[in-house]
Amino acid sequence: MQNVRNPNLTSSKGTRFMGFLLLVGVPTLVLFAFFLTPEDDNMEDAVRLLYIHVPMAIFAYVAVITTGIGSIFYLWKKSRWWDTVAHASAEIGLIFCGLVLVTGSIWGRPTWNTWWEWGDVRLVTTLVLFLMLLGYLALRQVPANPDLRAKRASVVGIIVAINIPIVNRSVEWWENSTLHQQSSLTDGKLEDLTLFTLFLGLILAGVCYLWLMTHRFRVGWLQTEIENEGAIGVLQERIAEGTASSTETIIKEDGEGEVR
Amino acid sequence: MLRDAWLIAQKDLRIEIRSRIITNQIAPYTLLILVLFGFALDADIETLRDTGPGLFWVSILLVAILAIQRAVDIENSDSAQDRLLLSPVSSFSIYIGKTLGLFLQLLLLEVLMMIAMIALFDSSVDDFLLVSATGVIATIAIASTGTLYGVLATGLGVRETLLPILLLPVLAPVVIGATRAFGDAFGRVNADGWAWVGLLSVVAVLYTLLGMLAYGQLLEEA
């Protein structure tokens, strides 16, 4: 938190280390995913998207759960720190959710022969989650008293997090079938290099989430400080104006030309 | 406590009966939506029968947004909300009362819409009990969530645009569940309608509990 005091800098040793890891890790992932791993018997080259799609999906849900936890703690502790965590995580969750939908569609075209499949539970659940996050962030952008906005956003943040299992369950029953692959990690079909690449993708997505989260949190915290200092500054100006005007009144009443 | 809630609901209903906005504006709007769906789907009666349950609940959601905004407007006009907060009525009672008032208005609109749908789409109800149970439980879920989100979007200056984007995704499970249950009750889909009613009940209870917990805090600041 040292650098947070410097308005031009949100980085620290930790974020620079994470950034370096991503700088080295992402080209390595691309190398493994697109050149070194074999193509799948059924999915052929489309399987290569799995190394990005699955980690993004997992951390999109992690981001939403973090928003829910941050919202609960804000309402409990009334701490802007938790509100900033919830806000930062929701923004990153929205980006991850969007990327999951885009990579899922690109993957679905050659695999399922369609860009979109309404019968798929996870796809529709992720879309509804994306829309709920859009609503949450729309509320956060509304110009209002920061505490009022934070309280309302926290209620919405909790509802968004609670809604994940409900939407998932309802969509699953809705079509009672799914075209989606079973969990690639639990079905035991992945081996050696493929499994390694997937885990590399997971680690990098985790580092990317933490890296973005740290920077976004610090930007949010600076915004909070500016809002607080801004309000105090305006109050001090008004107090100064009030003092000056009362002094002028005293001068006029006395007619002596001296400030008392 | 429940007596206070009933008083609040009566107040809202009395205002609606006197202003006649529900009967003169919102009810014709519901009918208009159904007629437009008929035009949009090329007046194919089989398609209309198949899609009828879904069209019904989408229409109800659109109408619910208007009704929720009306319920909030009632409290905002002439600083009625401040007086309500000054009265010795708990926020819990206010929430239950507002939800009950909205629930009864929506239920009335659903009955009107059902009659219109049966007449216009030539639909027949196979399981009247399932239709009734679905209607009541789904409406509780919509009314409880709507009352909470109505106060949540109040006082921000962008309620008209913010409310739909916040509310509609949250009510997606209600639309899915109610449409499937209605599809079964109308004999259009092969689904276990009562299982969907079970899911709707869980959603209704959960949203009502959340509303009870959060409404008081939000109301005081709205």
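The rules behind the values
Residues numbered from 1 in each chain as written. Chains lettered and ligands numbered in written order. Predicted model: local features only at pLDDT ≥ 70, side-chain atom pairs only at ≥ 80, totals over all residues. Heavy atoms only, no water. Helix = DSSP H or I, 4+ residues; strand = E, 2+ residues; numbered from the N terminus. Buried < 20%, exposed > 50% of the residue type's maximum accessible area, 1.4 Å probe, protein only. Contact = heavy atoms within 4.5 Å. Areas by Shrake-Rupley, 256 points an atom, 1.4 Å probe, with all protein chains shown as cover. Phe/Tyr/Trp six-rings, centres within 6.5 Å; stacked < 30°, edge-to-face > 60°. Patch = residues over 30% accessible without salt bridge, like charges linked within 9 Å, V, L, I, M, F, W, Y side chains within 5 Å. Salt bridge = Lys/Arg side-chain N within 4 Å of Asp/Glu carboxyl O. Axes fitted to C-alpha atoms, helices over the stretch in contact; angles between N-to-C directions. Parallel < 35°, antiparallel > 145°, perpendicular 65-115°, else oblique. Left-handed = near helix turned anticlockwise from the far one by under 90°. Buried area = accessible area lost by both parts, 1.4 Å probe. Polar contact = N/O pair within 3.5 Å; in protein donor to acceptor, adjacent residues only side chain to side chain. Nonpolar A, V, L, I, M, F, W, Y, C, P; charged D, E, K, R; others polar. pLDDT = per-residue confidence, 0-100. Core = buried A, V, L, I, M, F, W, Y, C linked by side-chain atoms within 4.5 Å. Expected span 1.5 Å × (residues − 1).

The next subject is the overall build of chain A. Looking only at helices and strands, chain A has six helices and zero strands in total. Overall, chain A shows an N-to-C arrangement of helices and strands of α-α-α-α-α-α. Looking at the 260 residues of chain A, the share that counts as buried comes to 45%. Nonlocal contacts in chain A, meaning residues at least 24 apart in sequence, comprise 75% of its contacts between residues at least 6 apart. Carbon and sulfur atoms provide 63% of the accessible area of chain A, an area that totals close to 13,900 Å².

Time to look at the packing of aromatic side chains. Inspection of every chain in the model, using the stated rule, returns 14 aromatic pairs over all chains. Of the aromatic side chains, those joined through ring pairs into one cluster are Phe 73, Trp 76, Trp 81, Trp 82, Phe 217 and Trp 221 of chain A.

Here the focus is a nonpolar patch on the surface. All names here are of chain B. A grouping of Tyr 29, Leu 31, Leu 32, Val 35, Leu 36, Phe 39, Val 58, Leu 62, Leu 66 and Leu 120 is seen on the molecular surface, where their side chains present a nonpolar patch of about 840 Å² in accessible area. Within the residue set of the nonpolar patch, elements represented by two or more residues are helix H2 (21-40) and helix H3 (45-76). Of all the elements, H2 adds the most residues to the nonpolar patch, at six residues. Along the chain, Leu 36 falls in helix H2. Overall, Leu 36 belongs to the partly exposed group, its relative accessible area being 48%.

Our focus in this paragraph is the packing of helix H5 (residues 91-121) of chain B against helix H6 (residues 128-152) of chain B. Residues and elements named next belong to chain B. The interhelical angle for the contact between H5 and H6, taken along N-to-C directions, is 135°, at an axis separation of 8 Å. Judged by the angle between their axes, H5 and H6 are oblique. H6 is crossed by H5, and the crossing has right-handed handedness. Between H5, through Tyr 95, Lys 98, Thr 99, Leu 102, Phe 103, Leu 106, Leu 107, Glu 110 and Met 114, and H6, the contact on the second element is made entirely by Val 131, Gly 135, Val 136, Thr 139, Ile 140, Ile 142, Ala 143, Ser 144, Gly 146, Thr 147 and Leu 148.

Each partner contributes to the interface: chain A provides 27 residues, whereas chain B provides 29 residues. Both faces combined, the contact of chain A with chain B buries some 2,400 Å², and carbon together with sulfur accounts for 76% of it. For the pair chain A and chain B, the number of links is zero salt bridges. At the boundary of chain A with chain B, the tally comes to three residue pairs in polar contact (both at pLDDT 80 or more). Counting residues per element, the side of chain A that touches chain B draws most heavily on helix H5 (residues 146-175) of chain A, at 16 residues. Per-class residue counts for the side of chain A that touches chain B are 19 nonpolar, three polar and five charged.

The next point concerns the confidence of the model for chain B. On average, residues of chain B score 87 in pLDDT, and 99% of them reach the 70 mark or higher. The weakest mean pLDDT in chain B belongs to helix H4 (residues 80-86) of chain B at 79; the strongest belongs to H6 of chain B at 93.

All names here are of chain B. Contact geometry for H6 and helix H8 (residues 172-185): axes closest at 9 Å, N-to-C directions at 170°. Between H6 and H8, the interaxial angle falls into the category roughly antiparallel. Listed contacts from H8 to Leu 130, Val 131, Thr 134, Gly 135, Ala 138, Ala 141 and Ile 142 of H6 are Val 174, Ala 178, Ala 181, Phe 182, Asp 184 and Ala 185. For the contact of H6 with H8, the residue count by class is ten nonpolar, two polar and one charged.

Take the nonpolar core next. Core analysis: the biggest nonpolar cluster contains 127 residues, and Ile 142 and Tyr 149 of chain B have the highest contact counts within it. Discounting chain neighbours no more than four positions away, the residues touching Tyr 149 of chain B are Val 156 and Ile 159 of chain A together with Leu 163, Leu 166, Leu 167 and Val 170 of chain B. Residues Ala 46, Leu 49, Trp 107 and Leu 123 of chain A belong to the second largest nonpolar core, which totals five residues.

With that settled, consider helix H2 (residues 50-77) of chain A. In this model H2 of chain A runs 40 Å from its N-terminal to its C-terminal C-alpha over 28 residues, within 8% of the 40 Å that 1.5 Å per residue would give. Just beyond H2 of chain A, the residue with positive phi is Lys 78 of chain A, at close to 55°.

Residue and element names in this part refer to chain A. Tracing the sequence through the fold places Ser 71 in helix H2. For Ser 71, a relative accessible area of 0% translates into the label buried. Among residues more than four places away in sequence, those in contact with Ser 71 are Ala 86, Ala 153, Ser 154, Gly 157 and Ile 158.

In the predicted model, chain A carries a mean pLDDT of 81, and 78% of its residues have values of at least 70. When mean pLDDT is compared element by element in chain A, H2 of chain A scores highest at 92, while helix H6 (residues 192-254) of chain A scores lowest at 80.

All right, on to the pattern of salt bridges then. Residue and element names in this part refer to chain B. What the rule picks out here adds up to 13 salt bridges over all chains. In this structure, Lys 11 engages Glu 75 in a salt bridge whose closest nitrogen and oxygen atoms are separated by 2.7 Å. One end of the pair, Lys 11, is in helix H1 (residues 2-19); the other, Glu 75, is in helix H3, and 64 residues separate them in sequence. The class of Lys 11 is partly exposed, set by a relative accessible area of 24%. One salt bridge connects Arg 188 with Asp 50, and the closest N-O pair in it is separated by 2.8 Å.

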